[in-house]
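# Summary of the model geometry
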Amino acid sequence: MSDPSVSLPPSSSTGSSSPGEIKRILETALLTSQEPLPLSELKKLFDEELGADILRRLLEELREDWDDKGVELVKVAGGWRFHTRPEMQKFLDRLNPQKPPRYSRAVLETLAIIAYRQPVTRGDIEEIRGVAVSGPVLKALESRGWISAIGHRDVPGRPVLYATTTDFLNDLNLRSLDELPPLEELGTLLEPSENMGSMELLPSP
Amino acid sequence: MSDPSVSLPPSSSTGSSSPGEIKRILETALLTSQEPLPLSELKKLFDEELGADILRRLLEELREDWDDKGVELVKVAGGWRFHTRPEMQKFLDRLNPQKPPRYSRAVLETLAIIAYRQPVTRGDIEEIRGVAVSGPVLKALESRGWISAIGHRDVPGRPVLYATTTDFLNDLNLRSLDELPPLEELGTLLEPSENMGSMELLPSP
Amino acid sequence: MNDFLYPAIERPVARIHGEPLRELPRDLYIPPDALEVFLDTFQGPLDLLLYLIRKHNLDVLDIPMAELTRQYMAYVEMMRTNQLELAAEYLLMAAMLIEIKSRMLLPRPVNRDEEEGDPRAELVRRLLEYEQMKLAAQRLNELPQAERDFGLMQVWIDQAVIKRLPDVDMDDLRSAWLALMARSQANRRHRITREQLSVRSHMSRILRHLHGHKFVEFDELFNPTAGVAEMVVTFLALLELVRENQVEVAQSHAFGIIYVRSIGFLAAV
């Protein structure tokens, strides 16, 4: 296809292989190699002595051949290699679902506390968790749009009150907070203890 | 390039993606996967519901697009995959002098018995070969992913039953066990002069 | 093909005093030095028998048992001298050959069943089955094999740094809460009292409603169409807010309009 565009000098040392054939072999080798291939490796593919300039020119042509594909030929530190174009990632991710990132326990517990006990202050969360709540934890949830500050509690220091948002409900596929797993049910999943006994609820309204 | 040749029905459900774009995504996915991809996996690449017939047609077109390349698109037991054409191997070997293990006759005979007589126990294999099957022989085939234990035979000792895997078919470029080379008919083995003529036998004493 | 079936015939069988031995001696006398090499070329007694039969172009269906057994025994004798542990299967085969031979020497019963045919039949069946598999193994080996005869694609998937946000589902919340409760059991300072979720959520709703207003009429906070339970919960939420000092409820005169005002109003928003 692009063979005619290769204007090798008449004294070319490509021997028996045509430029098209050389490109075909280069392409095959590059598609099947896990590592980037430097020119020195690519030269080994051929019986004949191929100059670095000729190889480079053919690689450039090959790169152009792949211009409108989902895969591109690039030169990286270790040599030449094919890799996927960024816009292909979203498709490929559907085949190899990566392990989705997880929020830390601190974030999840904080979210759970805000969801169940809203509106709450940072102090409330710390009281329940028994440890300080770091700024990034609340920040992560705020920037996700799952919690928001909805006011201040009128106590000294006027701490911010947090509550969950509609986005939180939407993202968790809930119609309302009532659809969160009921706490009574959660209680039964743990060994009963004295402490748990004190957690009996008010009768339903 | 070959987009115009795709005559999708007007009521096609390909949604926003053009056939060319679909092929581009299919090609990218197949080039990045060492494992064959079945249609069911390939479908996952797309938001829209793509019919198996449309996918198959586009895959056929893709196969034709690669006709004059050193790499070809083929269908094996596990699905579709690209692999290098046999004539490319001599070049690739120059980059990768390390060849995969050549299996001993013990391994190959064991593999043949499992492939043609599956499911079989170690005892079955020993019965046919007339010698004990050593642990490493089965281990070699198992670690290559070509055989696996698929159960037990319900006899005293409950020996493990072995069968070949899809990877075995894939690695041998086969779509199903039916494509294994046919067994030599026992009848032809009975005529030593014809069948064994090529074996340069010494004349009878 | 030959190479696969009988590699020993092609390559030197062994080196004896530096001299390559290219062909097995016809009488099967095997120099002791070469025995190990020779042994490696056969997969077992069936393979050796098959070799003897094919080599001498014997009819499998009409094996001259005496000759075959004699040759086989000569071979096994060699083996016994230094590789007895390897010879067990060969000895077993020798016993079988001798048994077949002796049965052939016995006069045949006049009314013999079909099953009691030629005593060599079972041996023939095994030989043929083995040979069939041996050839199948060879064919399998001739099939193109991934990595050996063709390569697979390894195009690098360039992972652009697209930030993926973690997903959270109800199970995550459930287990987070369980973890909290489990911890609170261990650490009794932090008592967790359970409350009705709906009260809490209505507290948030009311605070949001008050947001941006100086006062809101008490009635406005209730949605009569939502049912009695909803109204009671809203009321409880309001009471809770009052208790927590977050709202102020005021009524300037009896039966007048009740106003609700947020105390901790978030000025910034």
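Here, every reference points to the structure presented above.
As a starting point, this report considers the structure included with it.

### Digging into the overall build of chain A
- Helix and strand counts for chain A stand at 10 helices and 5 strands.
- Split into buried and exposed, the 205 residues of chain A put 52% on the buried side.
- A sequence separation of at least 24 residues applies to 45% of the contacts in chain A between residues at least 6 apart.
- Counting every atom, chain A has about 9,900 Å² of accessible surface; 51% of that belongs to carbon and sulfur.

### Quick look at empty space enclosed by the protein
- Summed over all chains, the structure comprises 2 cavities of 30 Å³ or more.
- The volume enclosed by the second largest cavity comes to roughly 30 Å³.
- Leu108, Leu111, Trp146, Phe168 and Leu172 of chain B together with Leu140, Asn141 and Gln145 of chain C are the residues that line the second largest cavity.
- Sorting the residues of the lining of the second largest cavity by element identifies helix H5 (105–117) of chain B together with helix H7 (121–142) of chain C as the ones contributing at least two each.
- For the lining of the second largest cavity, a count of residues per class yields 6 nonpolar, 2 polar and no charged.

### Examining a negative patch on the surface
- A contiguous patch of negative charge on the surface is contributed by Asp167 and Asp171 of chain A together with Asp167 and Asp169 of chain C.
- Following the sequence through the fold, Asp167 of chain A ends up in helix H8 (residues 166–171).

### Regarding the nonpolar core
- Counting 55 residues, the largest nonpolar core has Leu26 and Leu42 of chain A together with Leu26 and Leu42 of chain B as the members making the most contacts within it.
- Those residues in contact with Leu42 of chain B that lie beyond four places of it in its chain are Leu26, Leu30, Leu37, Leu55, Leu59 and Trp80 of chain B.
- Val120 and Leu183 of chain A together with Leu178 and Leu180 of chain C belong to the second-largest nonpolar core, a separate cluster that totals 33 residues.

### Some words on the layout of surface pockets
Residue and element names in this part refer to chain B.
- In this structure, the second largest pocket encloses a volume near 520 Å³.
- A total of 4 residues in the lining of the second largest pocket trace back to one element, the largest contributor, which is helix H4 (residues 89–95).
- Taken together, the residues of the lining of the second largest pocket sort by class into 8 nonpolar, 9 polar and 5 charged.

### Some thoughts on the interface of chain C and chain B
- If you look at the interface, chain C gives 52 residues, while chain B gives 57 residues.
- Contact between chain C and chain B buries roughly 5,200 Å² in total, counting both sides, with carbon and sulfur atoms accounting for 60%.
- At the boundary of chain C with chain B, the tally comes to 4 salt bridges.
- Ionic pairing is found between Glu129 of chain C and Arg117 of chain B, a salt bridge with its closest N-O pair at 3.4 Å.
- There are 13 residue pairs in polar contact (both at pLDDT 80 or more) connecting chain C and chain B.
- Counting only elements with at least two residues in the side of chain C that touches chain B, the list comes to helix H1 (2–5), helix H4 (45–55) and H7 of chain C.

What counts and how
- Residues numbered from 1 in each chain as written.
- Chains lettered and ligands numbered in written order.
- Predicted model: local features only at pLDDT ≥ 70, side-chain atom pairs only at ≥ 80, totals over all residues.
- Heavy atoms only, no water.
- Helix = DSSP H or I, 4+ residues; strand = E, 2+ residues; numbered from the N terminus.
- Buried < 20%, exposed > 50% of the residue type's maximum accessible area, 1.4 Å probe, protein only.
- Contact = heavy atoms within 4.5 Å.
- Areas by Shrake-Rupley, 256 points an atom, 1.4 Å probe, with all protein chains shown as cover.
- 1 Å grid on protein atoms, 1.4 Å probe; cavity = no way out; pocket = protein on both sides within 12 Å on 5 of 7 lines; lining within 4 Å.
- Points joined across faces, edges and corners; volume = space filled by probe spheres on them.
- Nonpolar A, V, L, I, M, F, W, Y, C, P; charged D, E, K, R; others polar.
- Patch = residues over 30% accessible without salt bridge, like charges linked within 9 Å, V, L, I, M, F, W, Y side chains within 5 Å.
- Salt bridge = Lys/Arg side-chain N within 4 Å of Asp/Glu carboxyl O.
- Lys, Arg positive; Asp, Glu negative; His and termini not counted.
- Charge placed at Lys NZ, Arg CZ, Asp CG, Glu CD.
- Core = buried A, V, L, I, M, F, W, Y, C linked by side-chain atoms within 4.5 Å.
- Buried area = accessible area lost by both parts, 1.4 Å probe.
- Polar contact = N/O pair within 3.5 Å; in protein donor to acceptor, adjacent residues only side chain to side chain.

Interpretation note: all reported values are geometric properties and have no functional meaning in isolation.
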